[in-house]
Amino acid sequence: PNTIETIFNLGSVSKMFTAVGIAQLVQENKLSFTDTVGKYITNYPNKDIKNKVSIHHLLTHTSGMGHYLADKRKFLKQREKLKTVKDFVEFFQNEQLRFDPGSKYEYSGNGFELLGRIIEVISGKDYFEYINQNIFQKSDMQNSGFFSPDPNSKIAVGYTNRADDGENIVIGERRENTWINLIKGGAGGGAYSTCHDLLKFSKSLMSYKLINKENVNTLISPKIEIGTKNNQTLYYGYGFQILDVGKGHLRVGHGGSYAGASARLDMYPWLNTTVIVLSNYDEPSAHRVANKAGELILREII
């Protein structure tokens, strides 16, 4: 049975950790948001990505790069080999750009894996080690990490009812997601955490323990409009999803989903309130609860 201390797969909620890691390097003057990929990964085989794609493009999903899960059959064939950020980058590094960098928004897990590789090159540390030392440990997140899928007593096994090829087709009763789960997550998603630990992350971030106020504001400020939801405008910042909930107020955070995993972390900074929902069922299990919580929070305010 799940408890408040159960450890769940976060999916793309993890992208916030990568964004904070990049901002830390910016704060240390080791990196600029306007730098191109080629400044740090000099041997990247795709010259367009190397010379035209910037850190800004990667953080805002405007790079033109694709998503390693787009072709799930290809991913499943290589899944057991993807154990490091470098493995993920090598998996997609020969793919061509889908559009000119900066011309539009298109969600890209590849872009965030590349950010993770840049963190490794600059810091000289393995991505997992860097995030553990500079985010999890600094926030006292004792039950968070990038774990292999072998469950222990605190890790929730994911349950999915998706088809055998990983496509989003419901096929009946749920089963364990061990056949599709990542061997180990990366900079684009797949970290594990608990509700308590994510609350610690939220508090550390918004109290400027991880990065200063200027850089927090940079991450959670709208950079590109990506759509509307219930007459509310959706934006993407730097690794953070942003929703204009009305009267100039913003909800910031990130959602995550995978076969047998659904997660949401929503911060309402102006209310000093955080909503965290973690589930070991498919999307939109956590998202429904988080959305309802948001409605109740805002009902008397907006």
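In what follows, the structure referred to is the one given above.
This part is about the overall build of the protein. Assigned secondary structure in the protein consists of 10 helices and 10 strands. In terms of overall dimensions, the protein is globule-like: its C-alpha atoms have a radius of gyration of 18 Å, near the 19 Å expected for 302 residues. Oriented by its inertia axes, the alpha-carbon framework of the protein measures out at about 50 × 45 × 35 Å. Looking at the 302 residues of the protein, the share that counts as buried comes to 53%.

Take unusual backbone geometry next. Cis geometry is adopted by the peptide bond preceding Pro284, which originates at Glu283 and carries an omega value of 10°. When you line up the elements, Pro284 lands in the loop between β10 (273–279) and α10 (285–298). Phi is positive for Asn29, which is not a glycine, with a value near 60°. Phi at Tyr208 takes a positive value of approximately 65°, unusual for a residue other than glycine. With respect to the helices, strands and loops of the structure, Tyr208 is situated in the loop between α8 (195–206) and α9 (213–220).

Here the focus is the sheet that holds strand β7 (residues 241–246). To summarise the sheet geometry, strands pair through backbone hydrogen bonds and adopt either a parallel or an antiparallel arrangement. Read across the open sheet, the 6 strands follow the order β5-β6-β7-β8-β9-β10; overall the sheet is antiparallel. The open sheet is flanked by β5 (224–229) and β10, the only strands paired with a single partner. For this sheet, the mean angle separating the axes of adjacent strands, direction not counted, is 25°. As paired elements, β7 and strand β8 (residues 249–258) share 5 bridges and run antiparallel to each other. Note that in β8 the partner of Asp244 across the bridge is Leu250.

Definitions and cut-offs
Residue positions within a chain follow its written sequence, with the count starting from 1. Local features in a predicted model are, by the rule used here, given only for residues with pLDDT of at least 70; side-chain atom pairs are given and counted only at 80 or more, and totals for whole chains, interfaces and linings are based on all residues. Based on all heavy atoms of the structure, the side-chain values leave hydrogens and waters out of the count. Strands here mean DSSP runs of E at least two residues long; helices mean DSSP runs of H or I at least four residues long; both are numbered from the N terminus. Note that the radius of gyration is over C-alpha atoms, with the globule rule given as 2.2 Å times the number of residues to the power 0.38. Burial status follows relative accessibility: with a 1.4 Å probe on protein chains alone, a residue under 20% of its type maximum counts as buried, one over 50% as exposed, and anything between as partly exposed. Pairing between strands is defined by DSSP: at least two bridges between them are needed. Each axis is a line fitted through C-alpha atoms, taken for helices only over the stretch in contact, and angles between the N-to-C directions span 0 to 180 degrees.

From the geometry alone we can't say anything about function, so treat these as descriptive.
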